[in-house]
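# Results of the structural survey
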Amino acid sequence: MAAGPVGAGDSYGGFRARLVGELQAKGIRDLAVLRAVSQVPRHLFVPPSVRHRAYEDSALPIGGGQTISQPWVQARYLEVLQLTGREKVLEIGTGSGYQTALLALVADTVFSVERIQSLASEARTALEGAGVRNVTVLVGDGTLGWRPFAPYDAILVAAASPSVPAPLIEQLAPGGRLVIPIGDRDSQVLQLLQREGDRIVTTSLGDVRFVPLLGELGFRPSTS
Ligand code: SAH
């Protein structure tokens, strides 16, 4: 787990507590996840123009046509991964780095891949500012996973894909869990895949709407 993000003590603590209450009211039960939301300074991960909305339960623009997802969706993602604090996790789509920071508090080590260089650098700065250390942000095409550090106990894909890229399944450890939104560019179903021996068990978790996963095994960048 990360050593002390700047959670408690800053002037946004009250806003975070209210957001935690809202997430609980909307059904989030995992205490480690709620604790992470109460500690991570989301205002450091959004552009100054929308900072006053940082603790609303809504998606916000982060530049480059990308969005930071709604906190409820991010908390739900973490909840279904059932992390215990000991896992090595791969995240595809760093974006602002906010979800990466939440992951860092509920897992042991996080590798996060982002295709847009400028977002990756901004995310690194925000993560550092938040005191999060057990995270490595990498620039590349996450549809190929990130082989050097595989296998992963959990993989979280924060962008929508037409199908599950095979390398992600290959890089999942025994018993590992993968969450990914599958569908077309306009709407998707959040899917949980679990490796059980030689089998992959898939569960559908409801409708979601994410920006596209662009890459070799996702949507084609040229048509974006
Ligand atoms: N969870 C993020 C939001 C992610 S938005 C947050 O908390 O801010 C989805 C991100 O996926 C975008 O930043 C987009 O650039 C990135 N992305 C899209 N296709 C990708 C790919 N093939 N590899 C890595 N990142 C990708």
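As a reminder, the structure under discussion sits directly above these lines.
Just so you know, these numbers come straight off a predicted model, no measurement behind them.

Conventions adopted
Residues numbered from 1 in each chain as written. Predicted model: local features only at pLDDT ≥ 70, side-chain atom pairs only at ≥ 80, totals over all residues. Heavy atoms only, no water. Helix = DSSP H or I, 4+ residues; strand = E, 2+ residues; numbered from the N terminus. Rg over C-alpha atoms; globule rule 2.2 N^0.38 Å. Buried < 20%, exposed > 50% of the residue type's maximum accessible area, 1.4 Å probe, protein only. Contact = heavy atoms within 4.5 Å. Areas by Shrake-Rupley, 256 points an atom, 1.4 Å probe, with all protein chains shown as cover. Lys, Arg positive; Asp, Glu negative; His and termini not counted. Charge placed at Lys NZ, Arg CZ, Asp CG, Glu CD. Core = buried A, V, L, I, M, F, W, Y, C linked by side-chain atoms within 4.5 Å. Axes fitted to C-alpha atoms, helices over the stretch in contact; angles between N-to-C directions. Parallel < 35°, antiparallel > 145°, perpendicular 65-115°, else oblique. Left-handed = near helix turned anticlockwise from the far one by under 90°. Nonpolar A, V, L, I, M, F, W, Y, C, P; charged D, E, K, R; others polar. Near = heavy atom within 4 Å. Polar contact = N/O pair within 3.5 Å; in protein donor to acceptor, adjacent residues only side chain to side chain. Pairing = 2+ DSSP bridges.

Here the focus is the overall build of the protein chain. Each helix and strand counted, the protein chain has 6 helices and 9 strands in total. Over its C-alpha atoms the protein chain spans a radius of gyration of 16 Å, differing by no more than 12% from the 17 Å that the globule rule assigns to 224 residues. Counting all 224 residues of the protein chain, 51% fall into the buried class. By sequence separation, contacts in the protein chain at least 24 residues apart represent 54% of the contacts at least 6 residues apart. As displayed, the protein chain has an accessible area near 9700 Å², and 53% of this comes from carbon and sulfur atoms. Positive and negative side-chain charges in the protein chain, numbering 21 and 21 respectively, have mean positions lying 3 Å apart.

Of all hydrophobic cores here, the largest spans 51 residues; its most connected members are F45, L83 and L156. The leading source of residues in this core is helix α4 (residues 98-106), at 7 residues. Those residues in contact with F45 that lie beyond four places of it in its chain are V40, I62, I68, S96, G97, Y98, A101, A126, L127 and A130. L90, Y152, L168 and I182 belong to the second largest nonpolar core, which has 16 residues in total.

This brings us to the packing of helix α1 (residues 13-25) against helix α2 (residues 31-39). Where α1 contacts α2, the two axes come as close as 8 Å, and the packing angle between them is 150°. Judged by the angle between their axes, α1 and α2 are roughly antiparallel. Read as a crossing pair, α1 and α2 show a hand that is right-handed. The segment α1 lies against α2, with R16, L19, V20, L23 and Q24 engaging L34, V37, S38 and Q39. In terms of residue class, the contact of α1 with α2 is made up of 5 nonpolar, 3 polar and 1 charged.

A separate point is the site of the ligand. Around the ligand, the structure places 27 residues, and the nearest of them are Q74, S96, E114, G142 and L214. One of the side-chain N or O atoms of E114 is found 2.6 Å from an oxygen atom in the ligand. Between the ligand and L214, the relevant distance is 2.7 Å, taken from a nitrogen atom to a main-chain nitrogen or oxygen of the residue. Starting from 580 Å² of accessible surface for the ligand in isolation, the protein chains cover 99%. Every element with two or more residues in the shell around the ligand is listed here: β2 (66-68), α4 and β4 (109-114). At 3 residues, the largest contribution of residues to the shell around the ligand is made by β2. Here the shell around the ligand is composed, by residue class, of 12 nonpolar, 12 polar and 3 charged.

Turning to its location among the elements, G95 is positioned in the loop between β3 (88-92) and α4. Note on G95: relative accessible area 12%, which makes it buried. Separated by 32 residues in sequence, G95 and G63 have C-alpha atoms that sit 9.2 Å apart. Beyond its immediate chain neighbours, meaning those up to four positions away, G95 contacts I62, E114, L119 and A123.

Here we take up the sheet that holds β4. Strand pairing in a sheet relies on backbone hydrogen bonds. The paired strands run either parallel or antiparallel. Within the open sheet, the 7 strands sit side by side as β5-β4-β3-β6-β7-β8-β9. Their pairing is mixed. Of all strands in the sheet, those with a lone pairing partner are β5 (135-139) and β9 (199-208), marking the two edges. Neighbour-to-neighbour, the strand axes of this sheet turn through a mean angle of 15°, independent of strand direction. Summarising the sheet, strand β7 (residues 172-183) and strand β8 (residues 188-196) pair through 7 bridges and their orientation is antiparallel. Residue pairing across strands places R177 opposite Q194, the latter belonging to β8.

On their own, these measurements won't tell you what the molecule is for.
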